[in-house]
Amino acid sequence: MTVGLLVNPASGKESGKGLSLAHLLAGERRVELAVLDAFDELEGALEDFAEAGVDTLFISSGDGTVQAIQTMLAERSPFKAPPRLALLAHGTTNMTAADLGFSRRSLEAIADTMVRPEVLRRATAVRRRATLRAANPHGRPPQHGMFLGAGALWRGTLYCQTSVHKTGLKGDYYAPALTLATALGKALFAKPDPTDETRIDRPYPMTVTADGATCASGDQLLFLATTLEKLVLGARPFWGGAGPGALRATAIAYPPPSILRYTLSIMYGGEERTLPEGCVSLSAKRIALDQTTPFVIDGEFFEAPKDGPLIIEEGPEFEYLLG
């Protein structure tokens, strides 16, 4: 068994956790180490890990780096067999790691585990999970990740990254909570205004087709698709039971239902939750999303295709080491 550690210091650079972990492992011959000076070094680092025979890859980063690694492993992997991934929540946002991350938080404990291949070999706390594959973003090759958001989720992510993060609030709780509170507060205390493009809660025309059947069409507040079991703030905004597909998808029509009455139910209700017409949730293998605004995959922004719907489908499964 060969262990690798990839550190992207630009992810959550204020904490310095990745560099501290790399310092603990400096000179350790049992761990292949790569610290990125620039993001464009990522592909070369993965090629070096593959050549060294790495089969368990620890990743110290945030969601964006994990998304890029998943894309490379799925579309042009240098590895003969995909390595197990151990996600360390060391970035500004860590939604994927919150669901599939390595559970040990102490840097010393993580380092100790990495240099003990016999412990890693016996590890049973693993989970297999498919990626979400966006087949045709405009001007980009296919992308893999764990969460895709459009409509208010795209605009809310943009607001969070350009406005909330400037206040110093980051991480997986405070920044998303403030973004949600801002959107809900305006929806509660200001009349709907579909012409105000600065609002998060505005109509976004789209048509959603899942496994060949149209499930939402017209003005929507938001659309999401994911293979995660929980999202930011621990939310599970999907219901209706899991189906044959790995993708869980939800669309909320505009205008949205009563904020006070339904927000908690949409975010945290059970599989059998009762919601008003216009709230649609399902499982699918393949989804076509026809809309014109940008969308996000794991916090990274992409443009909608210009010549037809965005195709979202199941990607390959990877194995995640949880502890």
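Structural data are supplied above this passage.
Definitions and cut-offs
- Residues numbered from 1 in each chain as written.
- Predicted model: local features only at pLDDT ≥ 70, side-chain atom pairs only at ≥ 80, totals over all residues.
- Heavy atoms only, no water.
- Helix = DSSP H or I, 4+ residues; strand = E, 2+ residues; numbered from the N terminus.
- Contact = heavy atoms within 4.5 Å.
- Buried < 20%, exposed > 50% of the residue type's maximum accessible area, 1.4 Å probe, protein only.
- Pairing = 2+ DSSP bridges.
- Core = buried A, V, L, I, M, F, W, Y, C linked by side-chain atoms within 4.5 Å.
- Phe/Tyr/Trp six-rings, centres within 6.5 Å; stacked < 30°, edge-to-face > 60°.
- Lys NZ or Arg CZ within 6 Å of the ring centre and 35° of its normal.
- Axes fitted to C-alpha atoms, helices over the stretch in contact; angles between N-to-C directions.
- Parallel < 35°, antiparallel > 145°, perpendicular 65-115°, else oblique.
- Left-handed = near helix turned anticlockwise from the far one by under 90°.
- Polar contact = N/O pair within 3.5 Å; in protein donor to acceptor, adjacent residues only side chain to side chain.

1. Digging into the environment of M146
Part 1 of the reasoning: Position of M146 among the secondary structure elements: in the loop between β6 (143-145) and β7 (147-151).
Part 2 of the reasoning: Placed 51 residues apart in sequence, M146 and M95 show a C-alpha to C-alpha distance of 9.0 Å.
Part 3 of the reasoning: If sequence neighbours within four positions are ignored, M146 has contacts with Q70, T96, L100, R129, A130, T131, A225, T226, T227, L228, D298 and Y320.

2. Section: the pairing of strand β1 (residues 3-7)
Part 1 of the reasoning: Burial analysis of β1 places five of its five residues in the buried class, the great majority of the element.
Part 2 of the reasoning: Both faces of β1 are covered, namely the face carrying V3, L5 and V7 and the face carrying G4 and L6.
Part 3 of the reasoning: With five bridges connecting them, β1 and strand β3 (residues 56-61) associate as parallel partners. Residue pairing for β3: L5 is matched across the bridge by F58.

3. Section: the nonpolar core
Part 1 of the reasoning: If you look at the biggest cluster of nonpolar residues, it comprises 67 residues, and the most contacted ones within it are L6, L46, L148, F223, I287, L289 and I312.
Part 2 of the reasoning: Of all the elements, strand β9 (residues 213-226) adds the most residues to this core, at six residues.
Part 3 of the reasoning: Ignoring any residue separated from it by four or fewer positions in sequence, one finds I287 in contact with V208, T209, A210, F223, L247, A249, L310, I311 and I312.
Part 4 of the reasoning: The next biggest cluster of nonpolar side chains, apart from the first, holds 19 residues, and it includes L5, L107, M114 and L120.

4. Remarks on the packing of aromatic side chains
Part 1 of the reasoning: The full count for this structure, using the stated rule, is three aromatic pairs.
Part 2 of the reasoning: Ring centres 5.3 Å apart and planes at 75° place the aromatic pair F58 and F102 in the edge-to-face group. One end of the pair, F58, is in strand β3; the other, F102, is in the loop between α4 (95-100) and α5 (107-114), and 44 residues separate them in sequence. For the pair formed by F58 and F102, the shared burial category is buried.
Part 3 of the reasoning: Seen from their ring centres, F295 and F302 are 5.9 Å apart, and the 25° between their planes marks the pair as stacked.
Part 4 of the reasoning: In this structure, R202 packs its charged tip against the face of Y204, placed 5.7 Å from the ring centre.

5. Overview of the environment of C279
Part 1 of the reasoning: Looking at the element boundaries, C279 is found in strand β11 (residues 279-284).
Part 2 of the reasoning: For C279, a relative accessible area of 11% gives the class buried.
Part 3 of the reasoning: Measuring from C-alpha to C-alpha, the distance between C279 and P141 comes to 31 Å, with 138 residues separating the pair along the chain.
Part 4 of the reasoning: Excluding residues that lie within four positions of it along the chain, C279 makes contacts with W239, A251, I252, P257 and I266.

6. Notes on the packing of helix α2 (residues 42-51) against helix α3 (residues 63-76)
Part 1 of the reasoning: Here α2 crosses α3 at 60°, and the two axes come no closer than 11 Å. Classified by the angle their axes make, α2 and α3 are oblique. Of the two possible hands of crossing, α2 and α3 adopt the one that is right-handed. Along its contact with α2, which presents L42, E43 and L46, the element α3 presents A68, I69, M72 and R76.

7. A few points about the environment of N136
Part 1 of the reasoning: Take N136: it is sitting in the loop between β5 (126-134) and β6.
Part 2 of the reasoning: Take N136: its relative accessible area is 26%, and that puts it in the partly exposed class.
Part 3 of the reasoning: Counting along the chain gives 74 residues from N136 to G62, while the straight-line C-alpha distance between them is 24 Å.
Part 4 of the reasoning: Not counting the four nearest positions on each side in its chain, N136 is found in contact with P305, P309, L310 and I311.
Part 5 of the reasoning: From its side chain, N136 meets the backbone oxygen of P309 in a polar contact 3.1 Å long.
Part 6 of the reasoning: A polar atom in the side chain of N136 sits 2.9 Å from the backbone nitrogen of I311.

These figures capture arrangement, not role.
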